[in-house]
Amino acid sequence: MAIKYNPKVIEHFKNPHNQGVIENPDAEALVGSPACGDQIAIYLKIGPGDVIEDIKFESFGCASNIATASIVTDLAKGKSIEEAMEIKWTKAVEELGGLPPVKYHCSVLAIDGLRAAIRDYLRKTGRLKEEELSPDLVREELYHVIYPPRGVDIVSLKRVKYIGVEEGKVRIELSFEEDDPYLNEVVQEIREKISELPGVHDIEIVNQGVGEH
Amino acid sequence: MRAYFDHCRSTFVDPRVLEEMRPWWTEKYWSPAPFTYTGTTVAEAVEESQMAFAKLIKGKPEEVHFAPSHTVANNIAIQGPLSTGTDELPHVVTTAVEHGTIMDTVRHMEKLGLMRVTYVPVDKNGVVDLDALREAITPQTSLVSLATVNYMVGAIQPVDQISSIVRERNPRAVLHFDITWSLGRTLDHSFAPLADIVTASVERIHGPKGLTMLWVRKGVNVKGPIYGSQAYSRVVPGALDVPAIVGARKALELMLDDLPGKIQHMKRLRDRLIKETMDAVPETLLNGPEGDLRSPSNVCLTFRYIEGESVQMYLDMEDITVDTGSACANPFLEANHTLLAMYGDYERAHGAIRLSLSWASTDEEVSKFVEVIPDIVAKLRKISPLAPKEYKER
């Protein structure tokens, strides 16, 4: 099947909105990792009433990475940080008129960048409630790991079989075919996301394979 | 007109090749067979192609077979010689930088528990580490399989030394060379005396799509993995794609016409691409070897701080086709393993752009690329969180 970008994605790629840096931002965040191939930096200027007055992004990434950062910053601009926290990656995909499922993880990264920047602001203003590391917190993060060929997160796909947390050690058991070509990418994404959680010292990811039916 | 720099993947079929092929579909559409006019007419045409390839690589015509695709040919080359007749798991030696047609096959077989594989490392140029190769080959090794020119960075492998090491360490080990990226890129194609199996896809020399020559030295036992009628070939069972086999011979003939001139032409364009791009774009890294260690048709560059798929897409919008090592452009989101094996640097792999040439490439195409690339890189560096400040203020 020919996987293509639609004209709206191309337009945002060619002429991205809100691209650049804010000098002396009120908050900032850099998410992603070189191993996965894309990184996004988000800068925020917050005004009275916790409203996002200005937002800028930088990107090391592909066309859809740049396009989703462009649309997500558009969506967040002028909103309160509470409202911005509620923007879903599916909304970004919808606003772009759709993305190939294999690229959904780009929009997740842009949303993660926005949320990380807002958390940075809450931390700086002494309002961040550090959540305690728990299986639920880990599961929340895993909702943001997309299985590329389906464009659906691995929790909804029931590929996460077990989450264990003990003294900063996180164990995650997955259920994928042993030779699933996307397994490496999924494991890398999990590592990247879980290592950002508070109190994580060690991550163990085990693929149990797919049981006999 | 589009500037096309992806000849390492595919080339246009030369119109003269297509002309040569046409009657074998429409008028002489028969199958090879003994005695009859129709059968022998076709059999002779196939023999002519066998002779042409045998002459090129210095093998015997009856040792030349034709597979319908590069992947099929390399699967036969790798899986065919492995029936050891004992319970012992076959040991295969390859390199860390092979093309998918070898790499994905051995990785899969390894996963299925059907072979033990040693991946020999390469140096910073992408050239096989000969000491590591020597060490990897044991009396238990049944097969050594590698490409004579690397598809990604164009590193020309020291085939004479590799062959001597394999023979010296284990004379019973089967040596497979995939010469696909050597075809028309090196002056000397006499690979058969050095090896036991040679594969060569003609898709990169303006030949028909898919068709791949598979030479197997007489006496080398190749069985499977494909079964069927062995009437035409004991190595590649099934009916023959006669038009493609005829077209492959024509493509070879055209390739050999002034080959030194063709190589010189590609070298000049290659060096123009490298020099003019590196002059125009600061912090550009050349991946792979310099000068004569490099295939005349390969250019592989990384523009620091930016990602390859974006560069590829911007170039595409300017009607320029290139390839990239970026995970973003890979269907399984994996960065190019050749570049990772060479440099261990994800950013370098994600940022890599490969431009591959043929003798049909032109100065106009090179100029078109060199003209647009500085602005594309500048634009992407401007928005990259990894780029130093100086790139943001332009």
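Residues numbered from 1 in each chain as written. Chains lettered and ligands numbered in written order. Predicted model: local features only at pLDDT ≥ 70, side-chain atom pairs only at ≥ 80, totals over all residues. Heavy atoms only, no water.

Some remarks on the domain arrangement of chain B
Residue and element names in this part refer to chain B. Domain annotation of chain B identifies domain 1 (15-256) and domain 2 (259-391). Taking only C-alpha atoms into account, the centre of domain 1 sits 29 Å from that of domain 2. Contacts between the two partners involve 28 residues from domain 1, matched on the other side by 30 residues from domain 2. When domain 1 packs against domain 2, close to 2,300 Å² is buried across both sides, 59% of that on carbon and sulfur atoms. (Domains from an automatic or database assignment. Contact = heavy atoms within 4.5 Å. Buried area = accessible area lost by both parts, 1.4 Å probe.)

Focus on helix α2 (residues 63-76) of chain A
Residue and element names in this part refer to chain A. With 14 residues, α2 should reach 20 Å at 1.5 Å per residue; the first-to-last C-alpha distance of 20 Å fits that figure. Burial runs high along α2: 13 of the 14 residues are buried. A positive backbone phi angle near 85 degrees is found at Gly-78, which sits one or two residues after α2. (Helix = DSSP H or I, 4+ residues; strand = E, 2+ residues; numbered from the N terminus. Expected span 1.5 Å × (residues − 1). Buried < 20%, exposed > 50% of the residue type's maximum accessible area, 1.4 Å probe, protein only.)

Remarks on the domain arrangement of chain A
All names here are of chain A. For chain A, the assigned domains read domain 1 (7-124) and domain 2 (135-207). If you average the C-alpha positions of domain 1 and of domain 2, the two centres end up 23 Å apart. Together, the buried faces of domain 1 and domain 2 total about 1,100 Å²; carbon and sulfur atoms form 56% of this surface. On the domain 1 side of the contact with domain 2, Cys-36, Trp-89 and His-105 bury the most area, a combined 37% of that side's loss. For Asp-112, the salt bridge identified is with Lys-193, shortest N-O distance 3.2 Å. Across the domain 1-domain 2 interface, the total number found is 4 residue pairs in polar contact (both at pLDDT 80 or more). Sorting the residues of the side of domain 1 that touches domain 2 by element identifies β1 (27-33) and α5 (104-124) as the ones contributing at least two each. Examining the composition of the side of domain 1 that touches domain 2, we find that 6 residues originate from one element, α5, more than from any other. Taken together, the residues that form the side of domain 1 that touches domain 2 break down as 8 nonpolar, 3 polar and 2 charged. (Salt bridge = Lys/Arg side-chain N within 4 Å of Asp/Glu carboxyl O. Polar contact = N/O pair within 3.5 Å; in protein donor to acceptor, adjacent residues only side chain to side chain. Nonpolar A, V, L, I, M, F, W, Y, C, P; charged D, E, K, R; others polar.)

Observations concerning the pairing of β1 of chain A
Residue and element names in this part refer to chain A. Only one face of β1 is covered, namely the face carrying Ala-27, Ala-29, Val-31 and Ser-33; the face carrying Glu-28, Leu-30 and Gly-32 is uncovered. Across 7 bridges, β1 lies against strand β2 (residues 38-47) in antiparallel orientation. Residue pairing across strands places Gly-32 opposite Gln-39, the latter belonging to β2. (Pairing = 2+ DSSP bridges.)

Quick word on the interface of chain A and chain B
If you look at the interface, chain A gives 32 residues, while chain B gives 28 residues. The junction of chain A with chain B conceals about 2,500 Å² of combined surface from both sides, 64% of it contributed by carbon and sulfur atoms. For the chain A face of the interface with chain B, the top three residues by lost area are Phe-13, Glu-58 and Phe-60 of chain A, together amounting to 23%. At the surface where chain A touches chain B, the tally comes to 10 residue pairs in polar contact (both at pLDDT 80 or more). Those elements giving two or more residues to the side of chain A that touches chain B turn out to be α1 (7-14), β2, β3 (51-60), α2 and α7 (183-194) of chain A. In the side of chain A that touches chain B, the residues fall into 16 nonpolar, 9 polar and 7 charged.

Regarding the packing of helix α3 (residues 37-57) of chain B against helix α8 (residues 242-256) of chain B
Residues and elements named next belong to chain B. Here α3 crosses α8 at 35 degrees, and the two axes come no closer than 9 Å. Once α3 is placed against α8, the crossing between them reads as left-handed. Of the residues in α8, those touching α3 at Val-42, Ala-45, Val-46, Glu-48, Ser-49, Ala-52, Phe-53 and Leu-56 are Val-242, Ile-245, Val-246, Ala-248, Arg-249, Leu-252, Met-255 and Leu-256. Looking at side-chain class alone, the contact of α3 with α8 contains 13 nonpolar, 1 polar and 2 charged residues. (Axes fitted to C-alpha atoms, helices over the stretch in contact; angles between N-to-C directions. Left-handed = near helix turned anticlockwise from the far one by under 90°.)

Topic: the sheet that holds β2 of chain A
All names here are of chain A. Pairing is antiparallel across the open sheet formed by 3 strands, whose spatial order is β1-β2-β3. Each edge of the open sheet is held by one strand with a lone partner, namely β1 and β3. This sheet shows a mean twist of 15 degrees between the axes of neighbouring strands, independent of strand direction. Lying over the sheet, α5 contacts β1, β2 and β3, oriented at roughly 145 degrees with respect to β1.

A look at the nonpolar core
Judged by nonpolar contacts, the single largest core of 74 residues is most densely connected at Leu-44 and Leu-114 of chain A together with Phe-5, Phe-303, Val-311, Leu-315 and Phe-369 of chain B. If you tally residues by element for this core, the top one is α5 of chain A, at 12 residues. What Leu-114 of chain A contacts, discounting residues up to four positions off in sequence, is Ile-42, Leu-44, Ile-55, Val-72, Ala-76, Ala-84 and Ile-87 of chain A. Counting 54 residues, the second largest nonpolar core, distinct from the first, contains Val-17, Ile-162, Leu-183 and Leu-211 of chain B. (Core = buried A, V, L, I, M, F, W, Y, C linked by side-chain atoms within 4.5 Å.)

So, the packing of α1 of chain A against α2 of chain A
Residue and element names in this part refer to chain A. One way to put it is that α1 packs onto α2 with a least axis distance of 8 Å and a crossing angle of 85 degrees. One element, α1, and the other, α2, form an angle in the roughly perpendicular class. Only Ala-63, Ile-66, Ala-67, Ser-70, Ile-71 and Asp-74 of α2 make contact with α1, whose side of the interface consists of Lys-8, Val-9, His-12 and Phe-13. Its residues assigned to classes, the contact of α1 with α2 comprises 6 nonpolar, 2 polar and 2 charged. (Parallel < 35°, antiparallel > 145°, perpendicular 65-115°, else oblique.)

Notes on helix α9 (residues 259-280) of chain B
All names here are of chain B. Helix length check: α9 (22 residues) gives 31 Å between terminal C-alpha atoms against 32 Å at 1.5 Å per residue, within 8%. Structurally, α9 contributes buried residues whose contacts are with α8, β9 (284-286), β10 (298-303), β13 (352-356) and α13 (363-382). The residue sitting at the N-terminus of α9 and contributing the capping side-chain oxygen is Asp-258; that oxygen lies 3.1 Å from the backbone nitrogen of Gly-261.

Here's the deal with the pattern of salt bridges
All names here are of chain A. In this structure the tally under the stated criterion is 37 salt bridges over all chains. Arg-171 is paired through a salt bridge with Glu-173; the nearest N and O atoms lie 2.9 Å apart. A salt bridge links Glu-204 to Arg-171, with the nearest nitrogen and oxygen atoms 3.1 Å apart. Remark: Arg-171 occurs in strand β7 (residues 169-174) and Glu-204 occurs in strand β8 (residues 202-207); sequence separation between them is 33 residues. Note on Arg-171: relative accessible area 25%, which makes it partly exposed. Linked through salt bridges whose partners overlap, the residues forming this network are Lys-169, Arg-171, Glu-173, Asp-202 and Glu-204.

A word on the side chain of Thr-11 of chain B
All names here are of chain B. Assignment of secondary structure puts Thr-11 in the loop between β1 (3-4) and α1 (15-21). Separated by 2.8 Å, the side chain of Thr-11 and the backbone nitrogen of His-206 make a polar contact. With residues up to four places along the chain from it excluded, the contact list for Thr-11 reads Glu-203, Arg-204, Ile-205, His-206, Gly-207, Lys-209 and Ser-358.

Re the pairing of β2 of chain A
Side-chain positions along a regular strand alternate between the two faces of the sheet. Residues and elements named next belong to chain A. Among the 10 residues that make up β2, 9 are buried, leaving the element largely enclosed by the rest of the structure. Hairpin connection from β1 to β2: 4 residues lie between these consecutive antiparallel strands, with Gly-37 at a positive phi of about 100 degrees. Sheet topology note: the β2/β3 ladder contains 9 bridges and is antiparallel. Pairing of Gly-47 across the sheet is with Val-51, part of β3. Connecting β2 to the next strand, β3, in antiparallel fashion are 3 residues, including Gly-49 with a positive phi near 75 degrees.

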